Amino acid sequence: MTRRIDPYSVRLFVSAARAGSIVRAAEQEHIAPSALSRRLADLEHAFGTPLLVRSPRGVALTDAGRLVFARGVKLDDDLQALVREVQSEGDEVRGTVRLYANMSAVIGFLPERLQRFMAQYPGVTVLLHEEDTRDVIRACLDDRADVGVGVEAPVPAGLVSWHFESDPLHVVLPAGHALAGEAAIGFAQALAHPLIGVHQGGALDRSLHERAEALAIRFAPTVSVSSFDAVCRMVEAGLGIAVVPQSATAAYAGTSRFVRRPLAEPWAARNLNLYALRRTPQPRATQALIDALCG
């Protein structure tokens, strides 16, 4: 039975053979070593035979690997030439862009921007997935996402990032709360009251736990829910107050039943970034989306 051979995996195999190392090939191809290793294992499974001899010193070709390498170089060259020829045919941007974004970007910034982008580029399909920032960055590294949007974080090797939006943290309170008269609220003040948590284990939840620990105060939400709209419903019902991004307060706490105050901490100045694999050039549809979101 003929098995499907993924051309991208062939390209990664050629890179690994040339570099003599999976780690060096991963750096050159801007992909995580674990993801590249999985691709190579899948390729060997498709051929039904080992293509590489792995050792602590690197990788070497088997007899079958030498045959695949010779044909693979030509195949990759032909495919790259085909891509260039196709992309030179007219100016219309077409294709599919895989966009991974965290919750606050999805609710606060992306809907209108994506609508404008898709109106400008009707030939482009955007596949949007909501994930925590850690998973957004991992999806970009593993080449499961073409563009990611998440909280500003150190950029791993192989990725590039751009500033997307400022989304500072605010405190949401029910109308009439004891802290409602404050112009801004410190984190220690907020911790003295029952709190509503959101997305346990997510980027915001981890950050608030760390900040509370630095104050030697336990961060122990009375209720934890999975979405910002649920947080605001809990606040509205009087179950507690919550620290959430400004985008969430604008979307779900914009009525007279809520009071919204800035979180008076230097670290509350929270930024969102775009992330993508370092590719030169980026695919046209991917670059068009990056330009639209940065703009």
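Placed above this text is the structure.
Just so we're clear, the structure is a prediction, and the values are computed from it rather than from any experiment.

Student: Can you lay out the nonpolar core for me, pointing to particular residues and giving the numbers?
Tutor: Core analysis: the largest hydrophobic core is formed by 34 residues, its most contacted members being Phe187, Val231 and Leu263. Looking at this core, the elements that each hand over two or more residues are strand S7 (169-174), helix H8 (187-191), strand S8 (196-198), helix H9 (203-214), helix H10 (228-236), strand S10 (242-245) and strand S11 (258-262). With sequence-adjacent residues up to four places away left out, Val231 is seen in contact with Ile196, Gly197, Val198, Val225, Ala242 and Val244. Counting 24 residues, the second largest nonpolar core, distinct from the first, contains Val106, Phe109, Ala288 and Ile290.

Student: Describe the side chain of Gln282, with residues and values.
Tutor: Here Gln282 is to be found in the loop between strand S12 (271-277) and helix H12 (284-294). In this structure Gln282 comes out as buried when scored by relative accessible area, which is 10%. A distance of 2.7 Å separates the side chain of Gln282 from the backbone oxygen of Leu277, its partner in a polar contact. If we ignore the near neighbours within four places in the chain, the residues touching Gln282 are Ala276, Leu277 and Gln287.

Student: Residue-level account of the environment of Val243, with values.
Tutor: The residue Val243 is located in strand S10 in this model. In contact with Val243, not counting residues within four places along its chain, are Leu169, His170, Val171, Phe187, Leu204, Leu208 and Leu263.

Student: So what's going on with the packing of aromatic side chains? Which residues, and what values?
Tutor: Taken as a whole and judged by the stated rule, the model has 3 aromatic pairs. On the numbers, 5.0 Å between centres and 40° between planes, the contact of Phe117 with Tyr121 is tilted. Classification of Phe117 by relative accessible area gives buried; the value is 1%.

So, how was this worked out
Residues numbered from 1 in each chain as written. Predicted model: local features only at pLDDT ≥ 70, side-chain atom pairs only at ≥ 80, totals over all residues. Heavy atoms only, no water. Core = buried A, V, L, I, M, F, W, Y, C linked by side-chain atoms within 4.5 Å. Buried < 20%, exposed > 50% of the residue type's maximum accessible area, 1.4 Å probe, protein only. Helix = DSSP H or I, 4+ residues; strand = E, 2+ residues; numbered from the N terminus. Contact = heavy atoms within 4.5 Å. Polar contact = N/O pair within 3.5 Å; in protein donor to acceptor, adjacent residues only side chain to side chain. Phe/Tyr/Trp six-rings, centres within 6.5 Å; stacked < 30°, edge-to-face > 60°.

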